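The lines below spell out each chain.
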Amino acid sequence: MSIDAVVWDIDDTLFDYTAADRAGMRGHLAAEGLLDDGTTVEQALARWREITDTQWARYAAGETDWQGQRRDRVRVFLGEPLSDAEADAWFGRYVTHYEGAWALFPDVLPALDALVASHRHAVLSNSSIHVQDRKLRALGVHDRFEAILCAAELGVSKPAAAAFHAACEALGLPPHRVAYVGDHPEIDGRGAADAGLLSVWIDRCGDGAGGATGTGPHRIGSLAELPAVLGADTRFGAGSTFG
């Protein structure tokens, strides 16, 4: 059965979130004087990411709302009982530095250009439309996608099959005619495969096991490999970087 559409994750798939987060937090911590006690940037970043993961899990479990998880990330990181307004202001100052470092991965536009005539495109993110719609516009790719779906508005997040099926429904296609491309091996890769989509895990760091795993995700190291996985008739593409 042919694949007619590609649904994309955003952060660390299209958008280099890790690099932007690192650069943004480095600038923010320096501006806030939070490195003056001898704490290194890497130590602070590691703690920020650990807190982010914990608070995101609370949000995904329905224990807090989107704004609440942001505020609690700041409170836990600083170890201070900030008011909502104070936490929002601190996070807003961080966002200014973070957004200044936004960039697509270099293989994104060539891949989208190569597949524009052969496949339809949409986005499914475990974020909010308020965040991701603005991000895609700033990165200049918003108009590449027919639909932009986010967990905060859907009320369900990846890896739940319902999240992937919502993206398929938005395109009017059954799951087996849709591919999903994401960077997380379980949330994206295994979740999409279990939901019946053609699952493509982009492993830019090369940390996982190679190739496709049964009915699980196909693993690629660059989006240049994606057309071959999709069976797209395009001159763009490359052989797998994982032998």
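Residues numbered from 1 in each chain as written. Predicted model: local features only at pLDDT ≥ 70, side-chain atom pairs only at ≥ 80, totals over all residues. Heavy atoms only, no water.

S.K.: Looking at this structure, how should I read the overall build of the chain?
M.R.: A count of helical and extended segments in the chain gives 10 helices and six strands. Expected size for 243 residues packed as a compact globule is a radius of gyration near 18 Å; at 19 Å, the chain falls within 12% of this value. Seen through its principal axes, the chain has C-alpha atoms that stretch 55 × 35 × 35 Å. For the chain, with 243 residues in total, the buried portion stands at 46%. Long-range pairs, those at least 24 residues apart, make up 60% of the contacts in the chain between residues at least 6 apart in sequence. As displayed, the chain offers around 11,100 Å² of accessible surface, 52% of which is attributable to carbon and sulfur atoms. Put simply, the chain has 21 plus and 35 minus side-chain charges, and the middle of one group is 2 Å from the middle of the other. (Helix = DSSP H or I, 4+ residues; strand = E, 2+ residues; numbered from the N terminus. Rg over C-alpha atoms; globule rule 2.2 N^0.38 Å. Buried < 20%, exposed > 50% of the residue type's maximum accessible area, 1.4 Å probe, protein only. Contact = heavy atoms within 4.5 Å. Areas by Shrake-Rupley, 256 points an atom, 1.4 Å probe, with all protein chains shown as cover. Lys, Arg positive; Asp, Glu negative; His and termini not counted. Charge placed at Lys NZ, Arg CZ, Asp CG, Glu CD.)

S.K.: Would you explain the nonpolar core in this entry?
M.R.: Burial of nonpolar side chains together is a common tendency in soluble globular proteins. The biggest cluster of nonpolar side chains holds 46 residues, and the ones touching the most others in it are W8, Y94, F145, V181, L223, L226 and L230. Among the elements that line this core, the one with the most residues is helix α4 (residues 84-99), at six residues. Of all hydrophobic cores here, the second largest spans 18 residues; its members include A5, A147, A167 and A192. (Core = buried A, V, L, I, M, F, W, Y, C linked by side-chain atoms within 4.5 Å.)

S.K.: I keep staring at the environment of D53 and nothing clicks. Help me out?
M.R.: Considering the arrangement of structural elements, one finds D53 in helix α2 (residues 41-60). On the basis of relative accessible area, D53 is assigned to the exposed category, the value being 55%.

S.K.: Can you help me understand the pattern of salt bridges in this one?
M.R.: Taken as a whole and judged by the stated rule, the model has 18 salt bridges. One salt bridge in this structure joins E32 and R93, with 2.8 Å as the shortest N-O distance. Of this pair, E32 sits in helix α1 (residues 17-32) while R93 sits in helix α4; the two residues are 61 residues apart in sequence, bridging distant segments of the chain. Of the residues examined, E32 reaches a relative accessible area of 28% and is grouped as partly exposed. Measuring nitrogen to oxygen at the nearest pair gives 2.8 Å for the salt bridge that ties R71 to D88. Taken as a pair, R71 in helix α3 (residues 66-78) and D88 in helix α4 lie far apart in primary sequence, 17 residues in all. (Salt bridge = Lys/Arg side-chain N within 4 Å of Asp/Glu carboxyl O.)

S.K.: Before we go on, may I ask you to explain the sheet that holds strand β1 (residues 5-8) in this structure?
M.R.: Remark on secondary structure: sheet strands pair via backbone hydrogen bonds, oriented parallel or antiparallel. An order of β3-β2-β1-β4-β5-β6 is seen for the six strands of this open sheet, with the pairing classed as parallel. Of all the strands in the sheet, just β3 (147-150) and β6 (218-220) have a single pairing partner and so form its edges. If you compare each strand with its neighbour and ignore which way they point, the axes differ by 25 degrees on average. Where strand β5 (residues 198-202) and β6 come together, three bridges link them in parallel fashion. If you follow V200 over to β6, its bridge partner there is H218. (Pairing = 2+ DSSP bridges. Axes fitted to C-alpha atoms, helices over the stretch in contact; angles between N-to-C directions.)

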